[in-house]
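Understanding the architecture of this molecule
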Amino acid sequence: QERVHASLAPASDVYALGLVLFEMLSGHVYRSQRPGTPVSKLRPEVPAWLDDLLARMLAKEPETRPWNGAEVLEALEQGFAGEKMINEQKGSTPAKEEAPVSQPRQQKPVAKPPAEVRIAPAAKPDTPPVYAVNDERLVTPDNPAGIEWVEIPAGEFLFGDNKEKRIIAKPFQMAKYPVTNMQYKRFLDANPGQRVPHEWLGALEYNWNKKERTYPQGREKHPVVLVTLKDAQAFCMWVFCRLPAEDEWEKAARGTDGRKYPWGNGWDVGKYCNSTEARVGGISAVDAYPLGASLYGVSDMSGNVWEWTASKFDRSTYTLRGGSSFNNEYGVRSASRVWRGPGYSYVDIGFRCARDISR
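Read on for an overview of the structure. Keep in mind the model is a prediction, meaning the values are calculated, not measured. (Residues numbered from 1 in each chain as written. Predicted model: local features only at pLDDT ≥ 70, side-chain atom pairs only at ≥ 80, totals over all residues. Heavy atoms only, no water.)

Quick notes on the state of the cysteines
All chains considered together, the criterion is met by zero disulfides. Just so you know, Cys236 is unpaired, no disulfide at all, and the nearest cysteine sulfur is the one on Cys353, 3.8 Å from it. On the accessibility criterion, Cys236 (2% relative accessible area) is buried. Looking at Cys353, it has no disulfide partner, and the nearest cysteine sulfur is the one in Cys241, 3.7 Å off. What makes Cys353 buried here is its relative accessible area of 1%. (Disulfide = S-S within 2.5 Å. Buried < 20%, exposed > 50% of the residue type's maximum accessible area, 1.4 Å probe, protein only.)

Below is the structure:
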């Protein structure tokens, strides 16, 4: 059932509830703060997932807010469930190894060791080479961003929580990783008029330098964030590709057996993906969790950042898939989905590319 016009929808009630929650948590009147101020700036102990929810509830555009109170309640239940799980894990961890339950948004993520660059052995000429992220060898005139592609076969697969049978009519290619900061910089360098990812006041560690048009130091392998759907589409046009449809995204992530996560049905905290339970405290490099790759070898499709798709949810919004580092075990399932307007951007929203196969 399609949504009614935003002016008739409960979006204003969600906004009002957001104001009440912000003021209860912070002890400050929201309108006395700069627009977009995260509550964690006033109360550092507020977790990132609650910052994210409040930012959505107080969004200027009604269509980007949670649709109703039930959606807000679901987000709160997921967030508190994640906090409970972390507390339980903390109770079973030796004191000297304890990590903070929640961290301010401004805290830098835990550094990951650089991925080792491996070259395929020369004994088998037909063995495809193994590339590192942002490998310059992948940059060609028809692949200016240096994307590593993975082929996804056509055929039937199971979609959504209800495991509905759907069919991908033609094989296609999916980017192995979300678009990284380094890849996006190549795009900006080639397109001086393109907007730089820099806008949210609380995203100090994710904002680009607008003057120098470059990403934060040391984050070349992190997925680019603060991008709108239009930004993602512009990048895809430059790379001679497109955004994946929602069906394509889910098959690339889930395979054909309806598994819960890209790697299977099991859950091991911090082993397969960057979710709230991993306690990274922010976004990680796209190759930080190699064990979390899907059946087809597509990486980072669970947690870390939500990814835009080309599929509409309703007349004014598009679906995003995969969950982010602000979501818990439930929110990073392969069937998880949210929807936003095409002009929306946030610190946990990125994208990856897809393209048709011409043979």
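Section: the nonpolar core
Counting residues in each nonpolar core, the largest one holds 41 residues, and the members touching the most others are Ile147, Tyr184, Phe235, Trp308, Val347, Phe351 and Cys353. Those elements that place two or more of their residues in this core are helix H5 (181-190), helix H6 (229-238), strand S5 (306-312) and strand S6 (318-321). Take this core: its biggest share by element is five residues, from H6. When residues no more than four places from it in sequence are discounted, the contact partners of Phe351 are Pro178, Val179, Tyr184, Val224, Val227, Ala232, Phe235, Cys236, Leu243, Trp306, Glu307 and Trp308. (Core = buried A, V, L, I, M, F, W, Y, C linked by side-chain atoms within 4.5 Å. Helix = DSSP H or I, 4+ residues; strand = E, 2+ residues; numbered from the N terminus. Contact = heavy atoms within 4.5 Å.)

A few points about the sheet that holds strand S8 (residues 349-350)
The strands making up a sheet associate through backbone hydrogen bonding, with each pair oriented either parallel or antiparallel. Strands sit in the order S7-S6-S5-S8 across an open sheet of four strands; the sheet is mixed. With one partner strand each, in any of the chains shown, strand S7 (337-340) and S8 form the two edges of the open sheet. Summarising the sheet, S5 and S8 pair through two bridges and their orientation is parallel. Bridge pairing links Glu307 to Gly350 in S8. (Pairing = 2+ DSSP bridges.)

With respect to the packing of aromatic side chains
Scanning the entire structure with this criterion turns up 17 aromatic pairs. On the numbers, 4.0 Å between centres and 5° between planes, the contact of Phe313 with Trp339 is stacked. On the criterion of sequence distance, the pair formed by Phe313 in the loop between S5 and S6 and Trp339 in strand S7 is long-range, its members being 26 residues apart. On the numbers, 6.3 Å between centres and 20° between planes, the contact of Tyr344 with Tyr346 is stacked. Under the relative-accessibility criterion, Tyr344 is labelled buried at 8%. By relative accessible area, which is 2% here, Tyr346 ends up buried. Among the aromatic residues, ring-to-ring pairing joins Tyr184, Phe187, Trp208, Tyr215, Phe235, Trp238 and Phe351 into one connected group. (Phe/Tyr/Trp six-rings, centres within 6.5 Å; stacked < 30°, edge-to-face > 60°.)

Topic: the side chain of Ser40
One can find Ser40 in helix H2 (residues 39-42). At 2.4 Å, the side chain of Ser40 and the side chain of Asp51 are in polar contact. (Polar contact = N/O pair within 3.5 Å; in protein donor to acceptor, adjacent residues only side chain to side chain.)

Some points on unusual backbone geometry
Even without glycine at this site, Leu226 takes up a positive phi of about 60°. In this structure Leu226 comes out as buried when scored by relative accessible area, which is 0%. Its identity as a non-glycine residue notwithstanding, Asn304 has a phi of 70°, on the positive side. You can see Asn304 is positioned in the loop between helix H7 (246-254) and S5. By relative accessible area, which is 0% here, Asn304 ends up buried.

A short note on the packing of H5 against H6
In contact at an axis separation of 11 Å, H5 and H6 are set at 80° when each is read in the N-to-C sense. Classed by the angle they form, the pair H5 and H6 counts as roughly perpendicular. Contacts from Gln183, Tyr184, Arg186, Phe187 and Ala190 in H5 reach Asp231, Ala234, Phe235 and Trp238 in H6. When the residues that make up the contact of H5 with H6 are grouped by side-chain class, the tally is six nonpolar, one polar and two charged. (Axes fitted to C-alpha atoms, helices over the stretch in contact; angles between N-to-C directions. Parallel < 35°, antiparallel > 145°, perpendicular 65-115°, else oblique. Nonpolar A, V, L, I, M, F, W, Y, C, P; charged D, E, K, R; others polar.)

Observations concerning the environment of Arg315
Structurally, Arg315 is set in the loop between S5 and S6. Overall, the relative accessible area of 68% leaves Arg315 in the exposed class.

So, the side chain of Ser26
With respect to the helices and strands, Ser26 occurs in helix H1 (residues 11-26). A distance of 2.7 Å separates the side chain of Ser26 from the backbone oxygen of Phe22, its partner in a polar contact. The residues contacting Ser26, other than those within four sequence positions of it, are Val39, Leu42 and Arg43.

Examining the sheet that holds strand S1 (residues 149-152)
With respect to topology, three strands assemble into an open sheet ordered S1-S4-S9, the strand pairing being antiparallel. This sheet does not close on itself; its edge strands, each paired only once, are S1 and strand S9 (354-356). Put simply, the sheet's adjacent strands are angled 30° from each other on average, direction ignored. The pairing of S1 with strand S4 (residues 172-175) spans four bridges and is classified as antiparallel. Residue Glu151 lies in a different strand from S4, and its bridge partner there is Gln173. Strand contacts of H7: S1 and S4, with the helix running at about 70° to S4, the strand carrying the most contacts.

Description of empty space enclosed by the protein
This model, assessed by the stated rule, comprises four cavities of 30 Å³ or more. Space inside the second largest cavity adds up to approximately 120 Å³. In this structure, the second largest cavity is lined by 16 residues; those nearest its centre are Gly146, Ile147, Glu148, Tyr177 and Gln183. Class assignment of the residues belonging to the lining of the second largest cavity gives a composition of nine nonpolar, four polar and three charged. (1 Å grid on protein atoms, 1.4 Å probe; cavity = no way out; pocket = protein on both sides within 12 Å on 5 of 7 lines; lining within 4 Å. Points joined across faces, edges and corners; volume = space filled by probe spheres on them.)

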